[in-house]
Amino acid sequence: MNRDARSLALLAARAAHRAAQFIRAAARPPAAEWTAKGHHDFVTAVDEGAEDRIRETLLRAEPGSRVLGEERTPDAIAMAGLVWVVDPLDGTANFLHGHPGHAVSIGAVVDGVPVAGAIDHIPALRRYVAWQDGGAWCGDQRLQVSPIAEPAHALIGTGFPFKNPELLPPYMPILARVLAATSGVRRGGSAALDLVDVALGRFDAFWEMRLAPWDIAAGLVLVREAGGVVWDFDGRDAPVDHGPVLAGNRVMAEWLLKMVSGEG
C-alpha cells in the first residue's frame, strides 16, 4: 500500500474532482426526494452517487485501504491502516437550495494520524490539497493562516448546532461573547469550507460544538499545514472523531479557547 503523503493527497484530489464533476452535472433533487437521516439532516441520491464514485476511485488505486464515508459507512470508525474519511457533499442543505457553500472533502488517515487531504469547492471550481510536511495548496498558491492577533480585528467562523438542539443553550453564550469582542462572526454551512477559510486566512479562527470525522479529516490537515492549529475544547489536537472543534492561528485559537470555556 502506498503511504507517501503527497501521493495520497493527489489521489484524494482526483477522487474529489470526479465527485465534484458528478455533483455539478446533477439536477438538484426536489424536497420530495430528500431522505431525513437525522434531525434537520438530509441525504439524496446525489450524495450517495458522489460517495460511490469516490469509493471506486480510491479503492481501485489503494485496494487494501478502507473508506469511512458519511453516507455509506458512517459507523466504520476503526482507524488501523489507511482509511479514507469522506464527506461526498459537505453542505448538503446549501446544495439543495442552490447556495454555493458546498464541497467534497476527502482525508487520508494512516493508523489514526491524518496525513493528507483534499477539499473541492464545487461551484467555485477550486481544489485545496495538503499533505503532512508538504504544505497546503490551491494550485500553485501556498496557503497561510491569518497573522491577526487582536480579537477586535478578527473575523471568526462558526457552525450552528442545528443537528443537536440540546447544544444550543451552551452555544448561545459563546456566540454572544465572540460577537461582542470581534469584528464579526460568519456561518457558512460547510465545516470543510470553514476550515479552508481558516487555512486561507479569511477566518482568523473557527469553532463548532460538534462535528463528525468526515467534516474535519481533510480540513485539519489543510489548517495545520498552513501554520494553524486544530484543537478540541480542552486545547488538545483534535482527533479525527466526533466532537467539538476549534481552529485558527495559535494566538486567536488560544483566545477563542477562553471564549468557549467561559474564561474570556
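Enquirer: Now, about the sheet that holds strand β13 (residues 229-231): what can you tell me, with residues and values included?
Expert: Ordered by their spatial adjacency, 5 strands build an open sheet running β11-β10-β12-β14-β13, and the pairing between neighbours is mixed. In this open sheet, the two edge strands, each paired with only one partner strand, are β11 (184-187) and β13. Here the average twist between neighbouring strands, direction ignored, is 20 degrees. The pairing of strand β12 (residues 205-211) with strand β14 (residues 243-248) spans 5 bridges and is antiparallel.

Enquirer: Kindly report on the nonpolar core, identifying the contributing residues and their values.
Expert: Counting 39 residues, the largest nonpolar core has V85, I119, L143 and L222 as its most contacted members. Going through the elements one at a time, β4 (82-90), β5 (103-110), β7 (126-131), β8 (135-138), α5 (191-200), β12, α6 (213-225) and β14 are the ones with two or more residues in this core. Those residues in contact with L222 that sit more than four places away from it in its chain are I119, Y128, V129, A130, A136, L143, V196 and A199. In terms of nonpolar packing, the next biggest core, distinct from the first, is built from 32 residues, A20, W84, I122 and V129 among them.

Enquirer: Tell me what's going on with the pairing of β4, and back it up with residues and numbers.
Expert: For β4, the tally of buried residues reaches 9 of 9 residues, placing the bulk of the element in the interior. Here strand β3 (residues 66-69) runs beside β4; their pairing, made up of 4 bridges, is parallel. Of the residues in β4, the one forming a bridge with G69 is V86. The sheet contact formed by β4 and β5 spans 7 bridges and is antiparallel. Looking at β5, one finds that L82 is bridged to V110.

Enquirer: I'd like to hear about the packing of α5 against α6, residue by residue, with values.
Expert: Look at α5 against α6: their axes get within 8 Å of each other, and the N-to-C directions meet at 5 degrees. The pairing of α5 with α6 is recorded here as roughly parallel in orientation. Judged by residue contacts, A191, A192, L195, V196, V198 and A199 of α5 engage D215, I216, G219, L220, L222 and V223 from α6. Across the contact of α5 with α6, the residue classes break down as 10 nonpolar, 1 polar and 1 charged.

Enquirer: Explain helix α2 (residues 45-61) to me, and be specific about the residues and the numbers.
Expert: Between its first and last C-alpha atoms α2 spans 25 Å; for 17 residues at 1.5 Å apiece the expected length is 24 Å, and the two agree. For α2, the complete set of buried residues consists of V46, D47, G49, A50, E51, I54, R55, T57 and L58.

Parameters and conventions
- Residues numbered from 1 in each chain as written.
- Predicted model: local features only at pLDDT ≥ 70, side-chain atom pairs only at ≥ 80, totals over all residues.
- Heavy atoms only, no water.
- Pairing = 2+ DSSP bridges.
- Helix = DSSP H or I, 4+ residues; strand = E, 2+ residues; numbered from the N terminus.
- Axes fitted to C-alpha atoms, helices over the stretch in contact; angles between N-to-C directions.
- Core = buried A, V, L, I, M, F, W, Y, C linked by side-chain atoms within 4.5 Å.
- Buried < 20%, exposed > 50% of the residue type's maximum accessible area, 1.4 Å probe, protein only.
- Contact = heavy atoms within 4.5 Å.
- Parallel < 35°, antiparallel > 145°, perpendicular 65-115°, else oblique.
- Nonpolar A, V, L, I, M, F, W, Y, C, P; charged D, E, K, R; others polar.
- Expected span 1.5 Å × (residues − 1).

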